[in-house]
Amino acid sequence: MKTALRLVLNAFAWFLAMPALFVSAAALDHHRIVSISKNIVPMTAAVLSLWAGVIYWRCVPSTSSGWRRAGYLAAFLAAMLLLGWAAMWATFVVMLAIYGA
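Parameters and conventions
Residues numbered from 1 in each chain as written. Predicted model: local features only at pLDDT ≥ 70, side-chain atom pairs only at ≥ 80, totals over all residues. Heavy atoms only, no water. UniProt positions renumbered as here; feature names shortened; annotations may be inferred. Helix = DSSP H or I, 4+ residues; strand = E, 2+ residues; numbered from the N terminus. Phe/Tyr/Trp six-rings, centres within 6.5 Å; stacked < 30°, edge-to-face > 60°. Buried < 20%, exposed > 50% of the residue type's maximum accessible area, 1.4 Å probe, protein only. Core = buried A, V, L, I, M, F, W, Y, C linked by side-chain atoms within 4.5 Å. Contact = heavy atoms within 4.5 Å. Expected span 1.5 Å × (residues − 1). Bend = angle between axes of the 7 residues up to and from the residue. Polar contact = N/O pair within 3.5 Å; in protein donor to acceptor, adjacent residues only side chain to side chain. Axes fitted to C-alpha atoms, helices over the stretch in contact; angles between N-to-C directions. Parallel < 35°, antiparallel > 145°, perpendicular 65-115°, else oblique. Left-handed = near helix turned anticlockwise from the far one by under 90°. Nonpolar A, V, L, I, M, F, W, Y, C, P; charged D, E, K, R; others polar.

Chemist: Give a description of the UniProt feature "transmembrane region" (unreviewed entry) in the protein that names residues and reports values.
Modeler: In the numbering used here, UniProt assigns the "transmembrane region" (unreviewed entry) feature to residues 7-28, 40-60 and 72-99. Along residues 7-28 the backbone is 100% helical and 0% strand, and the end-to-end C-alpha distance reaches 31 Å. Helix makes up 100% of residues 72-99 and strand 0%, and the two end C-alpha atoms of the span are 39 Å apart.

Chemist: If you had to explain the packing of aromatic side chains to someone new, which residues and values would you point to?
Modeler: Going through the model one piece at a time under the given rule, you end up with 3 aromatic pairs. A centroid spacing of 6.4 Å and a plane angle of 20 degrees characterise the contact between F12 and F15, whose relative ring orientation is stacked. Separated by 3 residues within a single helix, F12 and F15 lie in helix α1 (residues 3-30), roughly one turn from each other. With centroids separated by 5.6 Å and ring planes inclined at 85 degrees, the aromatic side chains of W89 and F92 adopt a geometry described as edge-to-face. With W89 and F92 both in helix α3 (residues 66-99) and 3 residues apart, the pair spans about one turn of that helix. Given a relative accessible area of 44%, W89 falls into the partly exposed group.

Chemist: Break down the nonpolar core for me, citing the residues and quoting the values.
Modeler: One finds W14, M18, L48, I55, F76 and M80 to be the most contacted residues of the largest nonpolar core, which totals 16 residues. Put simply, the parts of the chain that give this core at least two residues each are α1, α2 (40-59) and α3.

Chemist: Tell me about the side chain of T44, and please be specific about residues and values.
Modeler: Along the chain, the position of T44 falls in helix α2. Its relative accessible area of 5% is what places T44 among the buried residues. Apart from residues no more than four positions distant in its own chain, T44 is found in contact with L21 and F22.

Chemist: Go over α1, please, and point to the residues and values.
Modeler: Taking 1.5 Å per residue as the helical rise, α1 with its 28 residues ought to reach 40 Å, and the 40 Å between its terminal C-alpha atoms agrees with that figure. Along α1, the helix axis deviates most sharply at A17, where the bend reaches about 25 degrees; the proline P19 sits within four residues downstream. Every buried residue belonging to α1 is among A11, W14, F15, A17, M18, P19, F22, A25 and A26, and all of these are buried. The inward-facing, buried residues of α1 contact α2 and α3.

Chemist: With reference to specific residues and values, describe the environment of R69.
Modeler: Looking at the secondary structure, you find R69 in helix α3. Apart from the residues lying within four places of it in its own chain, the contact partners of R69 are Y56, V60, P61, S62 and T63. Reaching out from R69, the side chain makes a polar contact with the side chain of Y56 at a distance of 3.4 Å.

Chemist: Tell me what's going on with the packing of α2 against α3, and back it up with residues and numbers.
Modeler: When two helices pack together, you describe them by how their axes are tilted relative to each other and by the distance separating the axes. It is at 11 Å that the axes of α2 and α3 come closest, and there the two elements cross at 140 degrees. Relative to α3, the element α2 lies oblique. By crossing handedness, the relation of α2 to α3 is classed as right-handed. On the side of α2, the interface is formed by A52, I55 and Y56, while α3 contributes R69, Y72, L73, F76 and M80. Residues belonging to the contact of α2 with α3 are distributed by class as follows: 7 nonpolar, no polar and 1 charged.

See the structure below:
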């Protein structure tokens with residue numbers, strides 16, 4: 001598998017993880033199996049941040065130039081910021097569709 005395809009697939013899985021984590025945590029909390037609703041945001045942020053670091057480390061190609069590597073990091077951070085923003089809205093829409101207003 002090419003590096004670019006691996007990067008795109010990992011970023012897409014990262015995007016889908018936020019709604020999945022919030023829906024599963026809400027279901028656990030709703031059925032009173034585990035009460036994690038107070039800590040779900042920091043836990044999700046930590047998991048997604050670590051996962052983004054692993055994606056960068058594994059999928060972004062290394063270069064001999066420090067400037068090019070810094071450019072890759074800036075582009076990666078900007079893309080992940082936009083994906084995170086979109087995932088937040090996707091999570092809002094999914095939770096609204098499931099649990100209503």
